[in-house]
Structures are given as structure tokens and as C-alpha cells.
Amino acid sequence: MKPAKQKFSIVSLGCARNLVDSEVMAGLLHKNDYQMVADPADADVVLVNTCGFIGPAKEESIETILDVSRLKENGKIKKLVVAGCLSQRYPEELARELPEVDLFIGTGEVPRIVEILREHDTDSSRRQYIGVPSYIYDHDTPRLRSTPSYSAFLKVSEGCDHKCAFCIIPQLRGPHRSRSVRSVVDETLALAQNGVKEINLIAQDLTAYGRDRKDGTTLCQLLEAMAQIDGIEWIRLLYAYPNYLDQPLLEVIRDNHRICKYFDIPFQHISRTVLQRMRRGKSGSMVREAVQKLRAAIPGLTLRTSLIVGFPGETEADFNELLDFVEETEFERLGVFKYSAEEGTRAALMTETVPEEEKERRWQEIMDVQASISRKKNQALIGTIQRVMIDRVDLNSEQVTGRTQAHAPEVDGVVYIEEPESSAGLACLRGGEMIDVKIIGASEYDLIGEKLHG
């Protein structure tokens, strides 16, 4: 008689890149006779895949670990595993402070999850598996996706070679390493065959894709190949870097209907002195040139960026320059972070700190300006016809939401969809379905639209 399968559950925290790692671990476990369950309380083994990027993310990770550890104390689970960036960053400290955790697994140990668990079943003396990250999954790697059936994140490279003063990612994820075009295309083909319509390309540095391979591989080459795949409606570019915005890349984004006119490119700041202290490698004038180049090359572009306020040494003049930049550039999407010092980074050693209340004020000022910009841009869409991918159909509340190609999943707003005469037509809609919607209303971040008949 076969022994009962061990049940596992994964709690995935942090970014979409981390989510892909969680999906890969789930796929490997499932392939090796583990059974996945949604509720950690029903599992034998719970993996918490942590984020260790900034202070709030670390706090969320610790709180989640402690929550799950209570299930172990109550006898509901047998094994608690902490994986990901926090384990990679603080292996000794975590092992000392969290005796209730059975295993700590680093970012490079994802492909060994089954081996590690089985080894621990026979010998529980070793608690830490932390190495130098060199792993990247490929098209043959098992993966249990947790996103909706019609949408997927696809990681094309791992790690980062940049030396930004505020960032710990290269230490947590290792050097930049890219998958081959063939591997990414094969995975895209498999996803399309399984009903995926939306591919969101992710990496630590998307525009550097292929450069490390030294064989001529580029992001432009990859996009041209992916755009030939039937069944894929949208290919979206997330987590780019200001480098390598060459004309062939911009033209392939502009000219192919399957590639969203959407670019996520964190600029972080505009002040020359702050950028220099950040070690970003771009002056303020070069940031402006990058924006102008993108806008000119891709009509109708949705441009998303991230900024940091309160970086050490940021003066009021620096901040005002950043505020002016936001007002003049009118980004369609904007995220703002309050700088937090992270151990192991160059910025953490800088002494010209900005008070927390000042960071909060600067953050709020930019958010207020951006809310006004976003509202204006959304209101300009009233009366237009937009192609929308359905995300959610709730028959109880009669609420249907979707997204245009200008809305990335999870981070941007949504389109609330109404039926002009009755809700019967909406009830027939399904996730992933593409419909035409007339925009009839707008707020700062969301749109309201009517489903067109026919």
C-alpha cells in the first residue's frame, strides 16, 4: 500500500519574481508526489517564500513566519520551511531567533526543494541550505501557476549586475543570467496552449536580457519571436532599466499589436547629485532623454516608473526638482518609496539622513501630484472605446472588472464594467475574455465602462 502523500502549502510574499519561484517549487513538489493544499492549516509542510528587499517587506515576512509557526505549535503542521530572500540575507540570525523553523532555504536552492525536504525527513540536524545563487528555471521546469488561467508571469532572467547604492538584490539573487530565446519561446508556446493570453515579462533588469550570453541575444530578438505565437494577446514589459533603449527595441514594441504599449522603467530620481549618490549611472538629463525617446518612439505609451524620496543627502532643492519632474513628465503610472537603510548596502553607511517625518511629507506631496495627473489622464479617456480583458465576474455583487493593456495585473487600477440595460450580458462573461468597452467614468486610478453589444 502506497504511503499517503505529504500535503504542502506555499505562502508567497513580495514581488512577481518571487511568485515564479514559489510556482516552480510547487511544481517540483507536485511532480514528486506531494499534494498541494490552499490552506496552510491543512498541510504537513508549509513553505513561506519571503521577501527581504526593504524594511516593511521584512516585517511582513517575519509576521507571516510567526503566524504559521502557531499552526505548528498547535500540531496542525509538521514542518515549517522559510525560503527566499530573507533566508538568503539573514541565515544565521534567523536560525538563532526562530528555533521553531525547521529549514531555511536560500534563493539558489529552489530546484533542490524536494531533495532538501527528503534529506531533512531522515536527518533533521541540518537547518540551513544557503549557497551562492546561480539557478534560473527553464521551459522544462515543472511549475504550478497561481495566477489566473489566462495570465502568467514569465521570468526571462535572474540576478542583477548593477551596483545601486540602496539595493541589496545583487547579494540576494546573484549576478545577472539570462535564459535562451528558445527556452522562453518554448515556455510561451506551452502557456499559450494552456489558454494563457497575457504574458508579463519579468526580470531584475529586463533591458539587459541576453547581454550576458555573449551570443547576440537581445530583448528585441526575444520579443520578435514571442510575438509570432498564436493565442497570446498581450506581452507586457515589467522591471526594465534605463540602459539599452535602442531603436530596434522601441520599434518592435511600437509595431507589434501583441506587445503592450506599456513600459515599466524605475528611474528612482532626477537630481544629478542624488542619482550619483545612488550610483544609478544616469544623470538627470539622460533620464529626461530616455523619457522623451520612449514617448516619441511609441505613440500612446503607458509609462510606469518608481521613485525614491528621502535618500541620504536629498536636499529640499533635490526634492523640488523631482516634484517638478513628476509634474512635467505626467507618468501614467507612478510608485513612490520612502527610503529605508538596508544593511549591506553602500547607502546604509551614508550619514546625511533625512528625518522620517520629512520622508513622509515628500512622499505625500508626490502622491498628491500624481493623483491629480492620473485623474486627468483617466478623464481624458471618457468616451473612448477600449479593449478590455475580463479579470473578475462576481455574480453576487453583480460586479465585473477588467483591465486594458495599460493596466498591469496587481499593481495598476482596473476597469469597472457595466451593462447598459441589464446585467444578463455581464453574467456570461468569463475571466480572460476580451471585450470592447466604452469608458463612461473615471477616478484617480480606475475607469468605469459600458460593455458594447455585438
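Residues numbered from 1 in each chain as written. Predicted model: local features only at pLDDT ≥ 70, side-chain atom pairs only at ≥ 80, totals over all residues. Heavy atoms only, no water.

1. Quick notes on the pattern of salt bridges
Taken as a whole and judged by the stated rule, the model has 43 salt bridges. Between Glu 187 and Arg 179 there is a salt bridge whose closest N-O contact spans 2.7 Å. Residue Glu 187 shares its accessibility class with Arg 179, and that shared class is buried. A network of salt bridges, in which partner residues are shared, links Glu 314, Glu 316, Glu 358, Arg 361, Arg 362 and Glu 365. (Salt bridge = Lys/Arg side-chain N within 4 Å of Asp/Glu carboxyl O. Buried < 20%, exposed > 50% of the residue type's maximum accessible area, 1.4 Å probe, protein only.)

2. Observations regarding the side chain of Arg 177
One can find Arg 177 in strand E9 (residues 177-178). Lacking a salt bridge, the buried Arg 177 has Glu 158 as its closest oppositely charged neighbour, with an N-O distance of 5.0 Å. Reaching out from Arg 177, the side chain makes a polar contact with the backbone oxygen of Pro 175 at a distance of 2.7 Å. Excluding residues that lie within four positions of it along the chain, Arg 177 makes contacts with Pro 133, Ser 134, Tyr 135, Ile 136, Ser 157, Glu 158, Gly 159 and Asp 212. (Helix = DSSP H or I, 4+ residues; strand = E, 2+ residues; numbered from the N terminus. Lys, Arg positive; Asp, Glu negative; His and termini not counted. Polar contact = N/O pair within 3.5 Å; in protein donor to acceptor, adjacent residues only side chain to side chain. Contact = heavy atoms within 4.5 Å.)

3. Thoughts on unusual backbone geometry
In this structure, Asp 33 is a non-glycine residue whose phi angle is positive, near 70°. With respect to the helices, strands and loops of the structure, Asp 33 is situated in the loop between helix H1 (16-31) and strand E2 (35-36). Given the relative accessible area of 45%, Asp 33 is considered partly exposed. Although it is not a glycine, Tyr 244 sits at a positive phi angle of roughly 60°. Along the polypeptide, Tyr 244 turns up in the loop between strand E11 (234-237) and helix H9 (247-255). The partly exposed category is assigned to Tyr 244, whose relative accessible area is 39%.

4. Side note on the side chain of Asp 21
Here Asp 21 is to be found in helix H1. Among residues more than four places away in sequence, those in contact with Asp 21 are Asn 49, Val 110, Lys 155, Glu 158 and Arg 173.

5. Observations concerning the sheet that holds strand E3 (residues 45-50)
Strand order in the open sheet formed by six strands is E2-E1-E3-E4-E5-E6, and the pairing between neighbours is parallel. Strand pairing shows two members of the sheet lacking a second neighbour, E2 and strand E6 (128-129), which therefore form its edges. In this sheet, E2 lies alongside strand E1 (residues 7-12) in parallel orientation, the contact comprising two bridges. Within E2, the position partnered with Phe 8 by the bridge is Met 36. Strand contacts of helix H5 (residues 113-122): E3, strand E4 (79-84), strand E5 (103-105) and E6, with the helix running at about 160° to E5, the strand carrying the most contacts. (Pairing = 2+ DSSP bridges. Axes fitted to C-alpha atoms, helices over the stretch in contact; angles between N-to-C directions.)

6. Details of the packing of helix H11 (residues 284-297) against helix H12 (residues 316-329)
Look at H11 against H12: their axes get within 12 Å of each other, and the N-to-C directions meet at 10°. What the angle tells us is that H11 and H12 run roughly parallel. Residues Val 287, Arg 288, Val 291 and Arg 295 of H11 pack against Glu 321, Phe 325, Glu 328 and Thr 329 of H12. Considered class by class, the residues forming the contact of H11 with H12 number three nonpolar, one polar and four charged. (Parallel < 35°, antiparallel > 145°, perpendicular 65-115°, else oblique. Nonpolar A, V, L, I, M, F, W, Y, C, P; charged D, E, K, R; others polar.)

7. Structural notes on the nonpolar core
Leu 223 and Phe 263 are the most contacted members of the largest nonpolar core, which totals 92 residues. The contacts of Phe 263, once residues within four sequence positions are left out, are Thr 207, Leu 237, Ala 240, Leu 245, Ile 253, Leu 294, Leu 301, Thr 302, Leu 303 and Arg 304. Among the nonpolar cores identified, the runner-up in size contains 19 residues, and Val 11, Ile 77, Leu 86 and Leu 94 belong to it. (Core = buried A, V, L, I, M, F, W, Y, C linked by side-chain atoms within 4.5 Å.)

8. Comments concerning the packing of helix H8 (residues 219-226) against H9
Viewed as axis vectors pointing N to C, H8 and H9 meet at an angle of 20°, and their least axial separation amounts to 9 Å. Between H8 and H9, the angle is such that the two are roughly parallel. You can see that H8 and H9 cross each other, and the crossing is left-handed. Of the residues in H9, those in contact with Leu 219, Cys 220, Leu 223 and Glu 224 of H8 are Pro 248, Leu 249, Val 252 and Ile 253. Within the contact of H8 with H9, the residues separate by chemical class into seven nonpolar, no polar and one charged. (Left-handed = near helix turned anticlockwise from the far one by under 90°.)

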